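Chain by chain, the residues:
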Amino acid sequence: MPCRLPYRWLMALLLAICSLIGGPSYAANTTELKAKQIWQLLDYVAVDYGGAVANGVVLKSSEHAEMQEFSATAERQLGELPDQTDKGRLLQQATALRAAVAAKADPASVAKLAHALSSAVQKAYPFPVAPTAMPVLAKGGQLFQAQCAACHGQQGRGDGPLAASLNPKPTALADHMRARERSLFALHQIISNGVQGTAMQGFGALSDEDRWALAFFVGTLPYRGCKPEPPKFPLARGATRV
């Protein structure tokens with residue numbers, strides 16, 4: 001006759017295992033990961049909303065719907081973060097941002113709201129926004145040619161051999177205007193997590209060192225061939241260095 005463990009004993013065992021797995025370190029890592037995800041969503045809204053709305057008119061309904069989804073998701077995920085002193089204020093900011101996006105507000109106003117909230121999230125739930133060591137650009141270049149050039153093109157102009165078959169099209173990483181709006185940390189987050197609803201997959205399997213090398217290399221693409229002093233890239237707009 002098979003041995004059957006008493007139900008209460010089995011539940012006690014499961015709870016004990018969960019307490020070991022889900023201890024303070026696990027909870028802290030989960031909070032940091034979610035805070036980073038919220039930051040990435042807000043950065044997307046700040047940078048890409050201008051391509052969806054202008055003068056109170058929707059330029060592309062699919063992009064405006066995406067901006068609404070991102071702002072709503074950021075608000076929901078903020079509500080899931082651990083309670084602390086500034087959480088109520090952050091949620092108010094998130095609600096204001098979602099309302100502004102829904103009302104087709106001016107892109108500059110939406111960008112200001114999104115950047116202010118992303119900075120506040122990083123300060124309230126701190127996470128590192130810089131690599132622990134100087135990235136090796138040569139390694140980043142090798143990774144770009146191996147992992148990214150097929151879609152983004154060898155020079156990062158969004159014209160790789162697979163680009164024509166993708167919808168939406170790959171981002172032109174060499175675009176100067178876009179480079180001025182996106183920080184190195186934002187590039188690192190995109191490389192790490194990918195972009196939902198696009199062909200851009202995350203490269204979480206790469207080491208953090210390699211992902212930073214790739215981010216720094218991508219950050220140089222708009223300035224290739226420039227003779228003056230090297231460009232100065234922001235790590236993360238308004239972020240606290242930790």
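What this report covers is the structure whose coordinates are included nearby. Everything numeric here is computed off the predicted structure, so don't read it as measured data.

Right, let's talk about the packing of helix H3 (residues 61-80) against helix H4 (residues 87-102) for a bit. One can describe the packing of H3 onto H4 by two numbers: an axis separation of 9 Å at closest approach and a directional angle of 165°. In this view, H3 runs roughly antiparallel relative to H4, as classed from their interaxial angle. As for the relative orientation of H3 and H4, their crossing is left-handed in sense. Residues His64, Met67, Gln68, Ser71, Ala72, Glu75, Leu78, Gly79 and Glu80 of H3 touch H4, and the partners they reach there are Lys87, Leu90, Leu91, Ala94, Thr95, Leu97, Arg98, Val101 and Ala102. In terms of residue class, the contact of H3 with H4 is made up of nine nonpolar, five polar and four charged.

Next up on the list: the packing of aromatic side chains. Under the counting rule described, the total for this entry stands at six aromatic pairs. Relative to Phe70, the ring of Tyr44 lies with its centre 6.0 Å away and its plane at 70°, an arrangement referred to as edge-to-face. One end of the pair, Tyr44, is in helix H2 (residues 24-48); the other, Phe70, is in helix H3, and 26 residues separate them in sequence. Of the two residues, Tyr44 and Phe70, neither departs from the other in class, the shared state being buried. An aromatic cluster is built from Trp39, Phe127, Phe185, Trp212 and Phe216, whose rings are joined through pairwise contacts. Lying over the aromatic face of Tyr44, Arg182 brings its terminal NZ or CZ to 4.6 Å of the ring centre.

So, on to the pattern of salt bridges. According to the stated counting rule, one finds nine salt bridges in the structure shown. Asp83 serves as the salt-bridge partner of Lys87, at 3.1 Å between the closest nitrogen and oxygen. The class of Lys87 is buried, set by a relative accessible area of 8%. Overall, the relative accessible area of 68% leaves Asp83 in the exposed class. With its nearest N and O atoms 3.6 Å apart, the salt bridge here joins Arg89 to Asp86. Bridged by salt links that share partners, the residues Lys34, Arg76 and Glu80 form one connected network.

Let us now look at the environment of Leu33. Considering the arrangement of structural elements, one finds Leu33 in helix H2. Given a relative accessible area of 45%, Leu33 falls into the partly exposed group. Sequence-wise, Leu33 and Phe127 are 94 residues apart; in three dimensions their C-alpha atoms are separated by 8.6 Å.

Conventions adopted
Residues numbered from 1 in each chain as written. Predicted model: local features only at pLDDT ≥ 70, side-chain atom pairs only at ≥ 80, totals over all residues. Heavy atoms only, no water. Axes fitted to C-alpha atoms, helices over the stretch in contact; angles between N-to-C directions. Helix = DSSP H or I, 4+ residues; strand = E, 2+ residues; numbered from the N terminus. Parallel < 35°, antiparallel > 145°, perpendicular 65-115°, else oblique. Left-handed = near helix turned anticlockwise from the far one by under 90°. Contact = heavy atoms within 4.5 Å. Nonpolar A, V, L, I, M, F, W, Y, C, P; charged D, E, K, R; others polar. Phe/Tyr/Trp six-rings, centres within 6.5 Å; stacked < 30°, edge-to-face > 60°. Buried < 20%, exposed > 50% of the residue type's maximum accessible area, 1.4 Å probe, protein only. Lys NZ or Arg CZ within 6 Å of the ring centre and 35° of its normal. Salt bridge = Lys/Arg side-chain N within 4 Å of Asp/Glu carboxyl O.

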